[in-house]
Amino acid sequence: MQTFVTEAVDWPDSAPALREQVRALVAAHGERDPVRRANSWTKASPQFSKKLGEAGLLGMTWPKEYGGHERSQLERYVVIEELLAAGAPVGAHWIADRQSGPLLLRLGNEELKRRWVPAIARGEAFACIGLSEPGSGSDLASVRTAARRDGDGWVLNGQKVWTTGAHVSHFMIALVRSEAGSERQQGLSQFVIPMDTPGVTVKPITDLTGAHEFNEVFFDAVRLPAHALLGEEDAGWKQATAELSLERSGPERYLSSMVLFLELVRHAETAQDPALAELVGRLAAEAWTLRLMSASVAAKLARGEDPALEATMVKDLGNSYEQAIPQLVQAAVDWERIDAQVVQAVCFYLLQVSPSFSLRGGTREIVKGIIARGLGLR
């Protein structure tokens, strides 16, 4: 039976300087409103993303040939950890930098790589992922959006839903059914779809807070050239599931409520409440454990390993942690205190949006099934 084994992470010598660089950039250009800083990695600011690109903090591990900076996975981890802890508005470039760029570098033809990867590294091109569909959710094997050959190219028809950032994205990497009559994991392929292609329509999904992060995306006879196929035809299932290791293991899987935790720490310093001090200690210990697990996955990825099971564990445990924080804070803080107003505002916001944390990258039920199979339990 496979288990999760953490390891001591050898942080790079450049880590302190990188942390200071990110903190200075956030201080100069980041969001100051605590509520807007909460749940930061879905808050989009193309201007802030451009600043990160200019500072060499996007595409950090990629080849210089494609606009990257050839730095280590752990250096990148340091940067994103600082950005998330500060609640920086990273949502515009997040998916492109985290997974779309690496996927294009690994599987894309030269035309796709030259068009998109350098622009991502500059903070000028953003991506979204076309996975979930009406009636399928996290059951990716049931997708029905179809691509059919038409001469030298393809014609795409169908719909994606819950697509984060589609309204600010320049392209989508979509998992679609490319073989007529195929079922489940067979006959699936990935395509790179420019969002300004005729026939692509984006419609907003507004959440309880009035925010627009999710979208429906419709494809009506969308024509794509042959080079829009990413990787191998009918290999989409394998490609998409491997990509999820990049999506599931990062610090965003436990830091989504970190702005609230930090505000709680500030409040607890003056509240003179033993119960609050105990809660701060408990949450800090859990965060440190999750950080060690997440960084261990990053170290494995840096060595070229495929820690898919460990990444899924990080997502499941991290989602439980970041969803629990607003509820624990709500129960612990005395809202009658005048100095609790900032904590209250951030907490009440996260109480509304935190249920979505366990939907991103696979629902809890799907994730637990993956973990059970990986541990040989089913």
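Residues numbered from 1 in each chain as written. Predicted model: local features only at pLDDT ≥ 70, side-chain atom pairs only at ≥ 80, totals over all residues. Heavy atoms only, no water.

(A) Structural detail: the overall build of the chain. Within the chain, the secondary structure is distributed over 12 helices and 8 strands. For the chain, buried positions account for 56% of its 378 residues. Partitioning the contacts of the chain with sequence separation of at least 6, the portion at a separation of at least 24 is 75%. Total accessible area on the chain stands at roughly 16,200 Å², and carbon and sulfur atoms take up 52% of it. (Helix = DSSP H or I, 4+ residues; strand = E, 2+ residues; numbered from the N terminus. Buried < 20%, exposed > 50% of the residue type's maximum accessible area, 1.4 Å probe, protein only. Contact = heavy atoms within 4.5 Å. Areas by Shrake-Rupley, 256 points an atom, 1.4 Å probe, with all protein chains shown as cover.)

(B) Spotlight on the pairing of strand β2 (residues 146-150). The sheet contact formed by β2 and strand β3 (residues 153-160) spans 5 bridges and is antiparallel. Paired with Ala-147 across the strands is Leu-156, a residue of β3. Hairpin connection, β2 to β3: the antiparallel pair is bridged by 2 residues, and Gly-151 has positive phi, about 65°. (Pairing = 2+ DSSP bridges.)

(C) A look at the packing of aromatic side chains. Applying the stated criterion across every chain, the model contains 5 aromatic pairs. Geometrically, the ring pair formed by Trp-335 and Phe-348 is edge-to-face, given 5.4 Å between the ring centres and 70° between the ring planes. Of the two residues, Trp-335 sits in the loop between α10 (308-332) and α11 (341-353) while Phe-348 sits in helix α11, which places them 13 residues apart along the sequence. Against the face of Phe-218 rests Lys-203, its NZ or CZ located 5.2 Å from the ring centre. (Phe/Tyr/Trp six-rings, centres within 6.5 Å; stacked < 30°, edge-to-face > 60°. Lys NZ or Arg CZ within 6 Å of the ring centre and 35° of its normal.)

(D) Main features of empty space enclosed by the protein. Counting across every chain of the model gives 1 cavity of 30 Å³ or more. As a volume, the largest cavity reaches approximately 30 Å³. Looking at the largest cavity, the residues that line it are Leu-52, Leu-57, Leu-58, Arg-76, Val-79, Ile-80, Leu-83, His-93, Trp-94 and Asp-97. When residues of the lining of the largest cavity are traced back to their parent elements, those giving at least two are α4 (73-86) and α5 (94-107). With 4 residues, α4 is the single largest residue contributor to the lining of the largest cavity. Taken together, the residues of the lining of the largest cavity break down into 7 nonpolar, 1 polar and 2 charged. (1 Å grid on protein atoms, 1.4 Å probe; cavity = no way out; pocket = protein on both sides within 12 Å on 5 of 7 lines; lining within 4 Å. Points joined across faces, edges and corners; volume = space filled by probe spheres on them. Nonpolar A, V, L, I, M, F, W, Y, C, P; charged D, E, K, R; others polar.)

(E) The environment of Leu-52, seen in detail. The topology assignment puts Leu-52 in helix α3 (residues 46-54). Taking the C-alpha atoms as reference, Leu-52 lies 9.6 Å from Val-26; in sequence the two are 26 residues apart. Excluding residues that lie within four positions of it along the chain, Leu-52 makes contacts with Leu-25, Leu-57, Leu-58, Leu-83 and His-93.

(F) Representation of the pairing of β3. Buried residues dominate β3, accounting for 6 of its 8 residues. Relative to strand β7 (residues 212-224), β3 runs antiparallel, the two being bridged by 6 bridges. Paired with Val-155 across the two strands is Arg-223, which belongs to β7.

(G) Region of interest: the confidence of the model for the chain. When pLDDT is averaged across the chain, the result is 87; 90% of the residues are at 70 or more. Confidence, read as mean pLDDT per element, is least for helix α12 (residues 364-374) in the chain (63) and greatest for helix α6 (residues 110-121) (97). (pLDDT = per-residue confidence, 0-100.)

(H) The environment of Ile-95, seen in detail. Structurally, the position occupied by Ile-95 is in helix α5. Put simply, Ile-95 and Gly-165 are 70 residues apart on the chain and 8.7 Å apart in space, counted from C-alpha to C-alpha. Other than its neighbours up to four places away in sequence, Ile-95 contacts Ser-100, Ala-127, Cys-128, Ile-129 and Thr-164.

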